[in-house]
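Residue strings, one per chain:
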Amino acid sequence: MYILRTKDLTKYYGEEPILVKALDGVTLEIEEGTFTAIVGTSGSGKSTLLHMLGGLDVPTGGSVEVDGQELGTMDRGELTVFRRRKIGFIFQNYNLLPNLTVYDNIVLPVELDGRRVDREYLKSIVKVLGIQEKLKQKPNKLSGGQQQRVAIARALIAKPAIILADEPTGNLDSHTSQEVIGLLKETSRNFEQTIVMITHDEAIAQVADCTIRIEDGKIVESRW
Amino acid sequence: MEISIAAVCGLCLLFCVGGFLASYIYFRRKIVDFTDEVCESAQEILRQSQGLRKGSRETALRESQGYARRWQLKNQDTLTSKAVMELDKLERILSRQAAQNQSEKEEVQKVVSEISHQLKTPVSNIRMYQDMLDDEEVTEEEKKRFEKIIRQQLDKLEFLVESLIHSSRLEQEMIHLTLVEKPIFQTLAKAVGGIAAAAEKKKIELRVDCPKSLKVVHDVKWTAEAVENILDNAVKYTPEKGEVSLLVKEGEMYTKIQIEDTGKGIAPEHYNDIFKRFYREKTSGQEEGLGLGLYLARRIISLQGGYIMVESKLGKGSRFEILLPNKKEER
């Protein structure tokens, strides 16, 4: 079952003769519950692709469908609500709110939506991520790896249809990167969560269930 | 004057009661509408789920009658929208479980087909040599040779069948992993013991760097097997006088077991292939093996919540990293 699909997705900037094709006809399908890595060098279009998948940017052409709903047919208000409920994000620089505790950072997306936090689920998430002792602390007391684990918990708690991770290990040393990648894989497996990660690191990408290689705005390889 | 006061009080009372009744009717109407919307959506989801058995989820979604109405209800900042989207999530989870069951069935069929493919060769060899033995014109010397070959093929068949049963038990998770907190050094010693003779024969230097007191929660028997499988490959594909080293490092969330060799290496495009069932590189040639070792190793480590990574340079060597989660022993 596909939770995410794109069809002939394009993103062009500028006009001829100076036309930049950031994405040039990307068609892909991602199965639910899988951990997918989109690998590409700087300038390959992977960040642009992630922004399209998350509804953070509007494509020039083609379509993006998340959980059976096409993002292009929604107005801004609907897209905001959709993103809040259906899509989780993990960023390279964690983006935790420094004045909130770890616990408050994690439950923020759910509370913003006016819903109640699933306490049992929260308990199991923090246990898997090894941050149960840190809940009352502020982010500045945590290491980079620990902060990223808090960010992962925040993305998981709302049980989104997909989690998009933008170079989640970009700011971490190789040892911590391995730990974070292992945890992403484990949470994908344990909580049956679909995770799509973009990275330039081939070694990290092998841990994913599926690797999609992107070059010059086009998909060049898709491997299981 | 008194009548006026009574009238005013009466009117006030009437307004209060009237107001209360009107509010009651209004809010009751709202709750009934909300409940109706949610129930209708639930029924629609059920219809859609039943329609799934005929076609894809996407087709069922589009063809469902209430689709347009439910679309209007989605992605709004309203209570109804929240409830409908939660129901949608529930339907998605249930549909996925159904799809998973289906793909598990297909996976079992695939395994059966792969197994029969592997068994075909020794079985047809045995038949062929048996047929030749039945030939009256065959000499005593030839008979002895054919019998020897049949025995070799039977040994191979036995090895294949045992390996396949072993692998399928792990596959079906019939093996219960006993996770205990024990020194990882002892587990690795077991694994190294299994390949020491082969390494010595090829004059390969074996180095182990592991703190003796480091305890990890793991299944000793199966983890030793996983490590031995990787070591076995390392020794097999490292030339004479090469090196194989084992290094253990404790991290915050994982303990890493690193196995490095100076062997022929693995091309990056095959990093994931080597862990697939029955995969053997074209250049493995005469080396004995079924192509299950790394597949099993990955299964074993994965069942313990860990994972294996590989990095390699063709012609220089490979580094396998097993990451086992640091967890508390479950009592």
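Residues numbered from 1 in each chain as written. Chains lettered and ligands numbered in written order. Predicted model: local features only at pLDDT ≥ 70, side-chain atom pairs only at ≥ 80, totals over all residues. Heavy atoms only, no water.

Things to note about the overall build of chain B
Consideration 1: For chain B, the helix and strand inventory stands at 8 helices and 7 strands.
Consideration 2: Here chain B holds 331 residues, and 38% of them are scored as buried.
Consideration 3: Sequence-distant contacts in chain B: of pairs separated by 6 or more residues, those separated by 24 or more amount to 70%.
Consideration 4: Total accessible area computed for chain B in this model is approximately 20,400 Å², and 55% of it derives from carbon and sulfur atoms. (Helix = DSSP H or I, 4+ residues; strand = E, 2+ residues; numbered from the N terminus. Buried < 20%, exposed > 50% of the residue type's maximum accessible area, 1.4 Å probe, protein only. Contact = heavy atoms within 4.5 Å. Areas by Shrake-Rupley, 256 points an atom, 1.4 Å probe, with all protein chains shown as cover.)

Some remarks on the sheet that holds strand S2 (residues 18-31) of chain A
All names here are of chain A.
Consideration 1: Pairing is antiparallel across the open sheet formed by 4 strands, whose spatial order is S2-S1-S4-S5. This sheet does not close on itself; its edge strands, each paired only once, are S2 and strand S5 (69-70).
Consideration 2: As defined by bridge partners, strand S4 (residues 61-66) adjoins S5 across 2 bridges and the pair is classed as antiparallel. Residue pairing across strands places Glu 65 opposite Glu 70, the latter belonging to S5. (Pairing = 2+ DSSP bridges.)

Some remarks on the environment of B:Val220
Consideration 1: Among the structural elements, B:Val220 can be located in helix H7 (residues 220-236).
Consideration 2: The spacing of B:Val220 and B:Asn233 is 13 residues in sequence and 20 Å in space, taken between C-alpha atoms.

Here's the deal with the nonpolar core
A general feature of soluble globular proteins is that nonpolar side chains tend to end up buried together.
Consideration 1: Formed by 46 residues in total, the largest nonpolar core has its most connected members in A:Ile106, A:Ile125, A:Leu129, A:Ile157, A:Leu184 and A:Met197.
Consideration 2: When residues in this core are grouped by element, the largest group, 7 residues, is from helix H5 (residues 144-157) of chain A.
Consideration 3: In this structure, A:Ile106 is in contact with A:Leu122, A:Val126, A:Ile131, A:Leu135, A:Val150, A:Ala153, A:Arg154 and A:Ile157, ignoring residues within four places of it in sequence.
Consideration 4: In terms of nonpolar packing, the next biggest core, distinct from the first, is built from 36 residues, B:Leu231, B:Leu294, B:Ile301 and B:Val310 among them. (Core = buried A, V, L, I, M, F, W, Y, C linked by side-chain atoms within 4.5 Å.)

Considering the packing of aromatic side chains
Consideration 1: Per the stated rule, a full pass over the model turns up 6 aromatic pairs over all chains.
Consideration 2: Over the face of the ring belonging to A:Tyr121 we find A:Lys159, whose NZ or CZ atom lies 4.7 Å from the ring centre.
Consideration 3: Over the face of the ring belonging to B:Phe275 we find B:Arg298, whose NZ or CZ atom lies 3.9 Å from the ring centre. (Phe/Tyr/Trp six-rings, centres within 6.5 Å; stacked < 30°, edge-to-face > 60°. Lys NZ or Arg CZ within 6 Å of the ring centre and 35° of its normal.)

Side note on the sheet that holds strand S6 (residues 87-90) of chain A
All names here are of chain A.
Consideration 1: The sheet built from 6 strands is open, its strands ordered S6-S7-S8-S3-S9-S10 with mixed pairing. Strand pairing shows two members of the sheet lacking a second neighbour, S6 and strand S10 (218-223), which therefore form its edges. Strand after strand, the sheet turns through a mean of 20° between neighbouring axes, direction not considered.
Consideration 2: Helix H2 (residues 76-86) rests against S6 and strand S7 (162-166) of the sheet, and its axis sits at about 70° to S6. (Axes fitted to C-alpha atoms, helices over the stretch in contact; angles between N-to-C directions.)

So, the UniProt feature "domain: ABC transporter" (unreviewed entry) in chain A
Consideration 1: Mapped onto this numbering, the UniProt entry gives "domain: ABC transporter" (unreviewed entry) at residues 4-224 of chain A.
Consideration 2: The distance separating the terminal C-alpha atoms of residues 4-224 of chain A is 17 Å; by composition the span is 34% helix and 30% strand. (UniProt positions renumbered as here; feature names shortened; annotations may be inferred.)

Description of helix H4 (residues 79-134) of chain B
Consideration 1: With 56 residues, H4(B) should reach 82 Å at 1.5 Å per residue; the first-to-last C-alpha distance of 82 Å fits that figure.
Consideration 2: The sharpest bend along H4(B) comes to roughly 35°, located at B:Lys120, with the proline B:Pro122 sitting one to four residues further on. (Expected span 1.5 Å × (residues − 1). Bend = angle between axes of the 7 residues up to and from the residue.)

Regarding helix H6 (residues 174-190) of chain A
Residues and elements named next belong to chain A.
Consideration 1: An ideal rise of 1.5 Å per residue puts 24 Å on 17 residues; H6 measures up with 24 Å between its terminal C-alpha atoms.
Consideration 2: The buried fraction of H6 amounts to 12 of the 17 residues, a majority that puts the element mostly inside the structure.
Consideration 3: Among all positions of H6, only Thr 176, Ser 177, Gln 178, Glu 179, Val 180, Ile 181, Gly 182, Leu 183, Leu 184, Glu 186, Thr 187 and Ser 188 are buried.
Consideration 4: Measuring from the side-chain oxygen of the N-cap residue of H6 to the backbone nitrogen of His 175 gives 3.0 Å; that N-cap residue is Asp 173.
Consideration 5: One or two steps after H6, the chain reaches Glu 192, where phi turns positive at roughly 50°. (Polar contact = N/O pair within 3.5 Å; in protein donor to acceptor, adjacent residues only side chain to side chain.)

Some points on the pattern of salt bridges
Opposite charge on two side chains allows them to pair when their charged atoms are near.
Consideration 1: Taken as a whole and judged by the stated rule, the model has 26 salt bridges over all chains.
Consideration 2: Measuring nitrogen to oxygen at the nearest pair gives 2.8 Å for the salt bridge that ties A:Arg115 to A:Asp113.
Consideration 3: Judged by relative accessible area, A:Asp113 falls into the buried class, the value being 2%.
Consideration 4: What emerges from the salt-bridge pattern is a single network uniting A:Arg84, A:Arg85, A:Asp113, A:Arg115, B:Asp77, B:Glu86 and B:Lys89. (Salt bridge = Lys/Arg side-chain N within 4 Å of Asp/Glu carboxyl O.)

A short note on the domain arrangement of chain B
Consideration 1: Looking at chain B, the domain boundaries give domain 1 (1-42), domain 2 (120-172) and domain 3 (180-325).
Consideration 2: When each unit is reduced to the centre of its C-alpha atoms, the spacing between domain 1 of chain B and domain 2 of chain B is 90 Å. (Domains from an automatic or database assignment.)

Side note on the interface of chain B and chain A
Consideration 1: At the interface, 42 residues of chain B touch 50 residues of chain A.
Consideration 2: Across the interface of chain B and chain A, roughly 3,800 Å² is buried in total on both sides, 44% from carbon and sulfur atoms.
Consideration 3: Applying the counting rule to chain B against chain A returns 3 salt bridges.
Consideration 4: The partner of A:Arg115 in a salt bridge is B:Glu86, and the shortest N-O contact between them spans 2.8 Å. (Buried area = accessible area lost by both parts, 1.4 Å probe.)

Notes on the packing of H7(B) against helix H8 (residues 293-303) of chain B
All names here are of chain B.
Consideration 1: Here H7 crosses H8 at 145°, and the two axes come no closer than 9 Å. Considering only the axes of H7 and H8, their crossing is left-handed. Contact residues: Trp 222, Thr 223, Glu 225, Ala 226, Asn 229, Ile 230 and Asn 233 in H7; Gly 293, Leu 294, Leu 296, Ala 297, Ile 300 and Ile 301 in H8.
Consideration 2: Residue classes in the contact of H7 with H8 are distributed as 8 nonpolar, 4 polar and 1 charged. (Left-handed = near helix turned anticlockwise from the far one by under 90°. Nonpolar A, V, L, I, M, F, W, Y, C, P; charged D, E, K, R; others polar.)

Focus on the packing of helix H3 (residues 102-112) of chain A against helix H4 (residues 119-129) of chain A
Residues and elements named next belong to chain A.
Consideration 1: Where H3 meets H4, the closest approach of the two axes is 12 Å, and the angle between their N-to-C directions is 125°. Here H3 lies oblique to H4, going by the angle between them. For the crossing formed where H3 meets H4, the hand is right-handed. Packed against H3, whose contacting residues are Tyr 103, Ile 106 and Val 107, the element H4 presents Arg 119, Leu 122 and Val 126 at the interface.
Consideration 2: When the residues that make up the contact of H3 with H4 are grouped by side-chain class, the tally is 5 nonpolar, no polar and 1 charged. (Parallel < 35°, antiparallel > 145°, perpendicular 65-115°, else oblique.)

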